[in-house]
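So the chains spell out like this:
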Amino acid sequence: MNPFILAPEERLDHWKEFRRSLPSLTEEEQLRAVAKYWAYAPLGKMVHDIEQPQELPTPWEMISDGNWDKNTVAIGMEFTLRLAGWNTDRLQLQLIKDDDISDVILILIVDDSLVLNYDYSEVTNYPETNITVMGKWRFSGKTYTPISL
């Protein structure tokens, strides 16, 4: 079942139950489950300015509205892991420009090595392609704060 096609309240409830189920899994299983869960998000045109993540709506607002693009999915993944108990020091958002695939994308880095939102529905190692990091952020307090490059 695709939780993203449910009514807004049902989507929020489903996401809450999904987050609550994660601690019963190993960390590796949690990462794979999060990657697969967010692969169901219907992607549309760019809806938010990803270079200003501190100004993004909350994931609750995004889930309720149902507006997702390939970059905001990384935000959803980060929030899911953090709300499931992962320490913010382990999670980092990076906006990268990958010249080999001619794309700019927001990815989630876990433990400085594992990547979510680079390969659709997969957890991978950091790509070994021609990448330029355009921005880095970590959640701090109530917002994302930049990390120096």
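Reading the values: rules and limits
Residues numbered from 1 in each chain as written. Predicted model: local features only at pLDDT ≥ 70, side-chain atom pairs only at ≥ 80, totals over all residues. Heavy atoms only, no water. 1 Å grid on protein atoms, 1.4 Å probe; cavity = no way out; pocket = protein on both sides within 12 Å on 5 of 7 lines; lining within 4 Å. Points joined across faces, edges and corners; volume = space filled by probe spheres on them. Helix = DSSP H or I, 4+ residues; strand = E, 2+ residues; numbered from the N terminus. Nonpolar A, V, L, I, M, F, W, Y, C, P; charged D, E, K, R; others polar. Core = buried A, V, L, I, M, F, W, Y, C linked by side-chain atoms within 4.5 Å. Buried < 20%, exposed > 50% of the residue type's maximum accessible area, 1.4 Å probe, protein only. Contact = heavy atoms within 4.5 Å. Expected span 1.5 Å × (residues − 1). Salt bridge = Lys/Arg side-chain N within 4 Å of Asp/Glu carboxyl O.

## With respect to empty space enclosed by the protein
Next up, step 1: Counted according to the given criterion, the structure contains one cavity of 30 Å³ or more.
Next up, step 2: Lining the largest cavity are P3, F4, R11, W15, Y37, W38 and I63.
Next up, step 3: Looking at the lining of the largest cavity, the elements with two or more residues in it are α1 (8-21) and α2 (27-38).
Next up, step 4: Residue classes in the lining of the largest cavity are distributed as six nonpolar, no polar and one charged.

## Re the nonpolar core
Next up, step 1: Formed by 34 residues in total, the largest nonpolar core has its most connected members in W38 and I75.
Next up, step 2: Elements represented by at least two residues in this core include exactly α1, α2, α3 (59-65), α4 (72-83), β1 (91-98), β2 (103-110) and β5 (131-140).
Next up, step 3: Take this core: its biggest share by element is six residues, from α4.
Next up, step 4: In this structure I75 touches I50, L56, M62, L93, L106 and Y144, once residues within four positions along its chain are discounted.
Next up, step 5: Counting residues in hydrophobic clusters, the runner-up holds seven residues, among them I96, V115, Y118 and I131.

## Section: α4
Next up, step 1: Here α4 spans 16 Å end to end across 12 residues, near enough to the 16 Å set by a 1.5 Å rise per residue.
Next up, step 2: With 11 of 12 residues buried, α4 lies mostly within the body of the structure.
Next up, step 3: Listed as buried for α4 are T72, V73, A74, I75, G76, M77, E78, F79, T80, L81 and R82.
Next up, step 4: Backbone geometry just after α4 places G85 at a positive phi near 115 degrees.

## Observations concerning the environment of E128
Next up, step 1: In this fold, E128 is placed in the loop between β4 (123-125) and β5.
Next up, step 2: Since its relative accessible area comes to 81%, E128 is described here as exposed.

## A closer look at the pattern of salt bridges
Next up, step 1: Evaluated as defined, the whole model comprises seven salt bridges.
Next up, step 2: Across the pair E28 and R32 runs a salt bridge, and its minimum N-O distance is 2.6 Å. Separated by four residues within a single helix, E28 and R32 lie in helix α2, roughly one turn from each other.
Next up, step 3: With a relative accessible area of 39%, R32 lands in the partly exposed category.
Next up, step 4: In this structure, the salt-bridge partner of K97 is D99, at a minimum N-O distance of 3.3 Å.
Next up, step 5: Overlapping salt bridges, with partners in common, bring together E27, R90 and D111 in one network.

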